[in-house]
Amino acid sequence: MRYAEWLNQVKSTNDLALTFARVPSIAVPLLIGADLQTAGRGRGAHQWWSAEGSLMFSIIVDMPGVGLRPADWPRFSLVTGLAIADALSLFLPSARIGLKWPNDVWLDGRKVCGILIEQSDLIPDRLIVGIGLNVNNSFNAAPHEQRQTATSMIDASHGNEFCRTEILIAFLNEWESLIEDLSQGRLNLPERWSRRCVLAGHPVTLSEGDRETIGVCSGIDDDGALLLRTEFATEKHYAGTVRRM
Ligand code: BTN
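As a convention, each chain's residues are numbered from 1 in the sequence order in which they are written. Local features in this predicted model are restricted to residues whose pLDDT is 70 or higher, and side-chain atom pairs enter the listing and the counts only when it is 80 or higher, whereas totals over whole chains, interfaces and linings include all residues. Working from all heavy atoms in the structure, the side-chain values ignore hydrogens and water.

## Some thoughts on the packing of aromatic side chains
Defined as follows: Ring pairs are drawn from Phe, Tyr and Trp, using the six-membered ring of Trp, whenever the two centres fall within 6.5 Å, and their geometry is named by plane angle: stacked under 30 degrees, edge-to-face over 60, tilted for the rest. A run of H or I in DSSP becomes a helix once it reaches four residues, and a run of E becomes a strand once it reaches two; helices and strands are each numbered from the N terminus. Here the term buried applies to any residue with accessible area under 20% of the maximum for its type, exposed to any over 50%, and partly exposed to those in between, with areas from a 1.4 Å probe on protein chains only.
Going through the model one piece at a time under the given rule, you end up with 4 aromatic pairs. Seen in terms of ring centroids, Trp49 and Phe139 are 5.7 Å apart; in terms of plane orientation they differ by 65°. Their pairing is edge-to-face. On the criterion of sequence distance, the pair formed by Trp49 in the loop between strand S2 (30-37) and strand S3 (55-62) and Phe139 in the loop between strand S7 (126-133) and helix H3 (144-149) is long-range, its members being 90 residues apart. Here Trp49 falls in the partly exposed class, since its relative accessible area comes to 47%. Relative accessible area serves as the criterion here: at 3%, Phe139 is assigned to the buried category.

The following block contains the structure:
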């Protein structure tokens, strides 16, 4: 990472990165992180709730600059989740770390990290990769519903705190090496994904706008598409929200 800026508090690191990304002369890749967000955003219309102790940042990436064409972008999104999962396993070697397509990271059966990728409106070659990883923010005192679906690294390790800078560096190393492999055409993504896929073999519902598709997940295709075995065929899906039934 060439340039970085860390703030105490911001509305949303993705919003700030989107503003910076409109400026042609800004030096990229640029990482913007914050200790607190007051209006963090998730995918779709969701908010991203995050307490002190979580790791939140956004990176502006010039896609041609890292050797990736638009056809690679779906895989780039998946590779980002994979890099988080691989980095986490360095710190929690015996935990169950999984991936839920397209790029949610699960820890011991609950979501530990969300990724929001957006495109700059003025310079469409620039993508903003926003990452929220629950590190030292415990969910023990959170409402019951949240505890059922979300977790953090401190919860998975019974109170052990982690250094967020070390985790950030581990992620950046994994990510850079996966991006390099992807751009050089030497990444076997379906194989890497299958080791962590939490959907494979499960009946799932995929919602995309008004449309719902029910099928059994059979992993991902070479191009990053989700593979769903429906009653009639194996379908490829590039967008949507999927949930296990
Ligand atoms: C999701 O819905 O799973 C994606 C959540 C992404 C949250 C991160 S936190 C840093 C960055 N800034 C935001 O406002 N959102 C992303």
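We are not done yet, so read on.
## Details of the sheet that holds strand S12 (residues 241-244)
Quick note on the threshold: When DSSP finds two or more bridges between two strands, those strands count as paired. Think of each axis as a best-fit line through the C-alpha atoms, taken over the contacting stretch in the case of a helix, with angles from 0 to 180 degrees between the N-to-C directions.
The antiparallel open sheet is built from 5 strands, whose spatial order is S11-S10-S9-S8-S12. Since the sheet does not close on itself, it has two edges, and those belong to strand S11 (234-237) and S12, each with one partner. Going from strand to strand, the sheet's axes swing by 45° on average, the running direction of each strand aside. Here strand S8 (residues 203-208) pairs with S12 via 4 bridges, running antiparallel. Note that in S12 the partner of Ser207 across the bridge is Thr241.

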